[in-house]
Amino acid sequence: MLSKQQLLVWLEYQAGSVATAHSQRSFAYIKVALNEFKFSMVPNFIREFDGVIGTPVQTAAKRQDEQAFARLNAENFMFREDAARKIKSWLEQMDSVEDYWFKVEHQENLHAYNAVVIGQKY
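In short, a report on the structure. The residue count restarts for each chain, going from 1 along the sequence in the order it is written. Note on the predicted model: pLDDT of at least 70 is required for a residue's local features to be given, and 80 or more for side-chain atom pairs to be given and counted; whole-chain, interface and lining totals, by contrast, use all residues. Where side-chain values are given, they derive from all heavy atoms of the structure, hydrogens and water being excluded.

### Some points on the overall build of the protein
Turning to step 1, where the next piece is worked out: Helix and strand content of the protein: four helices and three strands.
Turning to step 2, where the next piece is worked out: Per the convention used, a helix needs a DSSP run of H or I reaching at least four residues, while a strand needs a run of E reaching at least two, with both numbered from the N terminus. The order of α-helices and β-strands along the protein, N terminus first, is α-β-α-α-α-β-β.
Turning to step 3, where the next piece is worked out: Three exposure classes are used, based on accessible area relative to the maximum for each residue type with a 1.4 Å probe and protein chains only: buried under 20%, partly exposed in between, and exposed over 50%. The buried share among the 122 residues of the protein stands at 20%.
Turning to step 4, where the next piece is worked out: Contacts between residues were defined by any pair of non-hydrogen atoms, one from each residue, lying within 4.5 Å. If you take every contact in the protein between residues at least 6 apart in sequence, the share linking residues at least 24 apart comes to 59%.
Turning to step 5, where the next piece is worked out: Each accessible area is a Shrake-Rupley estimate made with a 1.4 Å probe; only the visible protein chains count as cover when residues are assessed. Looking at the protein as shown, the accessible area adds up to about 9300 Å², and 54% of this sits on carbon and sulfur atoms.

### Describing the packing of aromatic side chains
Turning to step 1, where the next piece is worked out: Working definition: a ring pair exists when centres of Phe, Tyr or Trp rings (six-membered ring for Trp) sit within 6.5 Å. Plane angles under 30 degrees give stacked, over 60 give edge-to-face, the rest tilted. Following the criterion strictly, the structure yields five aromatic pairs and no others.
Turning to step 2, where the next piece is worked out: Geometrically, the ring pair formed by F37 and F39 is edge-to-face, given 5.0 Å between the ring centres and 75° between the ring planes.
Turning to step 3, where the next piece is worked out: Relative to F102, the ring of Y100 has its centre 6.2 Å away and its plane inclined at 25°; by these criteria the two rings are stacked. In terms of burial, Y100 and F102 fall into one category: buried.
Turning to step 4, where the next piece is worked out: Each residue in the set F45, F49 and W90 is aromatic and connected to the rest through ring pairs, giving one cluster.

### Notes on the sheet that holds strand β1 (residues 25-34)
Turning to step 1, where the next piece is worked out: When DSSP locates at least two bridges between a pair of strands, those strands are taken to pair. One open sheet accounts for three strands, arranged β1-β2-β3; its pairing is antiparallel. Where the open sheet ends on each side, the last strands, each with one partner, are β1 and β3 (115-120). Going from strand to strand, the sheet's axes swing by 5° on average, the running direction of each strand aside.
Turning to step 2, where the next piece is worked out: Pairing analysis gives six bridges linking strand β2 (residues 97-107) to β3, with the strands arranged antiparallel. In the strand pairing of β3, K103 is matched with I118. Only the contacting stretch of a helix is used when fitting its axis, a line to C-alpha atoms as for every element, and angles between N-to-C directions run 0 to 180 degrees.

### A word on the pattern of salt bridges
Turning to step 1, where the next piece is worked out: Every case where a carboxyl oxygen of Asp or Glu lies within 4 Å of a side-chain nitrogen of Lys or Arg is listed as a salt bridge. Considering all chains together, one arrives at five salt bridges under this definition.
Turning to step 2, where the next piece is worked out: Across the salt bridge formed by K88 and E92, the nearest N and O atoms sit 3.9 Å from each other. Of this pair, K88 and E92 both sit in helix α4 (residues 80-93), four residues apart, which is roughly one turn of that helix.
Turning to step 3, where the next piece is worked out: Accessibility expressed as a relative area gives 43% for E92, which makes it partly exposed.

### Thoughts on the nonpolar core
Turning to step 1, where the next piece is worked out: Nonpolar core, defined: a set of buried Ala, Val, Leu, Ile, Met, Phe, Trp, Tyr and Cys residues in which side-chain atoms within 4.5 Å join the residues together. In terms of nonpolar packing, the biggest core is built from 15 residues, with I53, I87, W90, L91, F102 and V104 touching the most fellow members.
Turning to step 2, where the next piece is worked out: Per element, the largest residue contribution to this core is five residues, and it comes from α4.
Turning to step 3, where the next piece is worked out: Setting aside chain neighbours within four positions, we find V104 in contact with F27, A28, R80, A83, A84, I87, A115, V116 and V117.

### Some details on the side chain of E105
Turning to step 1, where the next piece is worked out: Here E105 lies in strand β2.
Turning to step 2, where the next piece is worked out: Definition of a polar contact: a pair of N or O atoms within 3.5 Å, with one able to donate and the other able to accept a hydrogen when the atoms are protein atoms, and with sequence-neighbouring residues admitted only if both atoms are side-chain atoms. Polar contacts involving the side chain of E105 include one to the side chain of N114, which spans 3.0 Å.
Turning to step 3, where the next piece is worked out: Once residues within four sequence positions are removed from consideration, E105 is found in contact with R25, S26, F27, Y29, N114, A115 and V116.

Everything listed here is a matter of coordinates, which is why it stays silent on function.
What follows is the structure, encoded as structure tokens:
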């Protein structure tokens, strides 16, 4: 019989999940209300967001870059709930964000449906 502590350790262990996160096309949509907005803030906001998720947007890649992207993606497997928690935590700590709404969508290739999480500030 497992103790509660052993079970918690197993659940927190990345390889301890019954399900396995897998490569799929994913999208995150974010709407924010800022207490002050300047267009100069947008590039930094996007860079920070890329850092939160761990895999930058790949709009175009040369063949030699594909292996680096694949390695980075493999190091950052996550379920939609994991991505949503990271996004929510990041938005909650930003003083400039007054309100937010976001949607994380993993487009499934193994199932007949997409996996979606929607979050907002309450």
